[in-house]
Amino acid sequence: MTATLERPVPAKKAPIRPARIALHVFLVLTCLMTLTPLLWAVYASLRTYEDTSVNGYFSVAKSLTFENFAKAWEIGDLPHFYWNTFLITVPALVITLVLSSMVAFAVSRFSFKFNIALLMLFTAGNLLPQQVIVTPLWRLYRLIELPAWMSESESLIDSPLGVILIHIAFQMGFCTFVLSNYMKTIPYELTEAARVDGASVFRQYWQLTLPLCRPVLAALATLEFTWIYNDFLWALVLIQDGDKMPVTSALQNLKGTFFTDNNLIAAGSLLVALPTLVVFFVLQRQFVGGLTLGSTKG
């Protein structure tokens, strides 16, 4: 007898459901709606003012050029304002993450009487609208004296330190909440073993817990850098000298006295937004990993 080989039966393809098609159509339309302003700004920045003034913005460009980017870089004095933003964003970001991780470590790894109340206090700060405290904060900053080498006004007004402090105060609540929830997922046996071996509390925090929080710290660093970098309210309220303003205010320098070149402003806006895009693409892997932490835990 000879054995006969049976042909494998091809698997039937699952039918495409109308709900799935509608979902994909909705996602595509949402992406297009989100990207349209950005793509339109790129298109406008590559056109000349003469082209758009004659043919309008809703027309096919006769020529494309990068001249607007060079003019925006020079006229807006962007390197100077980038440096101002760097002096505010980087210290505020680093101090916020360090202090938030310390508070999160205390409320997540130790049990004491006001543990939950302390966490709720930091989290409740995010519920307060920032615009509510503009006037009292400005008056308070005027009363706080600083040495002349720290501030030319000899107060927190018109000083990068004042903007840094308010960013730290408002961003610590969110960072503490996220970090504390993540640290609670780290097994307590690790810190207990370190404590038995004679490790101090600071060593448990710095050498044991903090390295395990790198994914969530990278995700928070991406979000916080974007929020602090793009902020314009507190710089507008607390800084009076135009030369000390962050880069988001540099677009004001691109406006003319009698007319406004929107193509030039579009190019300047893209240059201003460039650092946030660079940070996101550099930390993209860690950012996505931090967002999906705990998603597979039941």
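In the annotation of an unreviewed UniProt entry, the protein is listed under the name ABC transporter permease and assigned to Lentzea cavernae. Of the protein, the UniProt comment under Subcellular location (unreviewed entry) reads exactly: "Cell membrane". Regarding the protein, the relevant UniProt record gives this comment under Sequence similarities (unreviewed entry): "Belongs to the binding-protein-dependent transport system permease family."

Q: For this particular structure, what's the right way to read the overall build of the protein?
A: In terms of helices and strands, the protein carries 13 helices and zero strands. Seen in sequence order, the protein has helices and strands lined up from the N terminus as α-α-α-α-α-α-α-α-α-α-α-α-α. Put simply, the protein has 298 residues, and 35% of those count as buried. Partitioning the contacts of the protein with sequence separation of at least 6, the portion at a separation of at least 24 is 71%. Surface accessibility of the protein: about 19,200 Å² in total, with carbon and sulfur atoms responsible for 68%.

Q: Which parts of the structure should I look at to understand the environment of Glu192?
A: Inspection of the secondary structure assignment puts Glu192 in helix H8 (residues 188-196). Classification of Glu192 as partly exposed rests on a relative accessible area of 42%. Placed twelve residues apart in sequence, Glu192 and Gln204 show a C-alpha to C-alpha distance of 9.3 Å.

Q: Quick question: what am I supposed to make of the side chain of Arg47 here?
A: If you trace the backbone, Arg47 turns up in the loop between helix H1 (18-45) and helix H2 (49-55). Take Arg47: its relative accessible area is 1%, and that puts it in the buried class. In terms of polar contacts, Arg47 uses its side chain to reach the side chain of Ser59, at 2.9 Å. Aside from chain neighbours lying at most four places away, what touches Arg47 is Thr52, Asn55, Gly56, Tyr57, Ser59, Val60, Ala61, Ser63, Leu64, Asn68 and Asn263.

Q: Can you walk me through the pattern of salt bridges in this structure?
A: Two side chains bearing opposite charge may form a pair once their charged atoms approach each other closely. For the structure shown, the criterion picks out three salt bridges. Glu152 is the salt-bridge partner of Lys244, the closest N and O atoms lying 3.7 Å from each other. One end of the pair, Lys244, is in the loop between helix H11 (233-238) and helix H12 (262-282); the other, Glu152, is in the loop between helix H6 (134-143) and helix H7 (160-183), with 92 residues separating them in the sequence. Lys244 sits in the buried class, given a relative accessible area of 18%. Where Asp158 meets Lys244, a salt bridge forms, and the shortest distance between an N and an O atom there is 3.7 Å.

Q: Looking at this structure, how should I read a nonpolar patch on the surface?
A: Together, Trp83, Phe86, Leu87, Val90, Val94, Ile95, Val98, Leu99, Met102, Phe202 and Trp206 make up a nonpolar patch on the protein surface, roughly 970 Å² of accessible area in all. Elements with a contribution of two residues or more to the nonpolar patch: helix H4 (78-109) and helix H9 (201-212).

Q: What's the story with the packing of helix H3 (residues 67-75) against H12 in this structure? I'm lost.
A: The contact between H3 and H12 brings their axes to 8 Å, and the two run at 75°. When the axis of H3 is compared with that of H12, the two are roughly perpendicular. Along the contact surface, H3 presents Asn68, Phe69, Lys71, Ala72, Trp73 and Ile75, while H12 presents Asn263, Leu264, Ala267, Gly268, Leu270 and Leu271. Broken down by class, the residue content of the contact of H3 with H12 amounts to eight nonpolar, three polar and one charged.

Conventions adopted
Residues numbered from 1 in each chain as written. Predicted model: local features only at pLDDT ≥ 70, side-chain atom pairs only at ≥ 80, totals over all residues. Heavy atoms only, no water. UniProt positions renumbered as here; feature names shortened; annotations may be inferred. Helix = DSSP H or I, 4+ residues; strand = E, 2+ residues; numbered from the N terminus. Buried < 20%, exposed > 50% of the residue type's maximum accessible area, 1.4 Å probe, protein only. Contact = heavy atoms within 4.5 Å. Areas by Shrake-Rupley, 256 points an atom, 1.4 Å probe, with all protein chains shown as cover. Polar contact = N/O pair within 3.5 Å; in protein donor to acceptor, adjacent residues only side chain to side chain. Salt bridge = Lys/Arg side-chain N within 4 Å of Asp/Glu carboxyl O. Patch = residues over 30% accessible without salt bridge, like charges linked within 9 Å, V, L, I, M, F, W, Y side chains within 5 Å. Axes fitted to C-alpha atoms, helices over the stretch in contact; angles between N-to-C directions. Parallel < 35°, antiparallel > 145°, perpendicular 65-115°, else oblique. Nonpolar A, V, L, I, M, F, W, Y, C, P; charged D, E, K, R; others polar.

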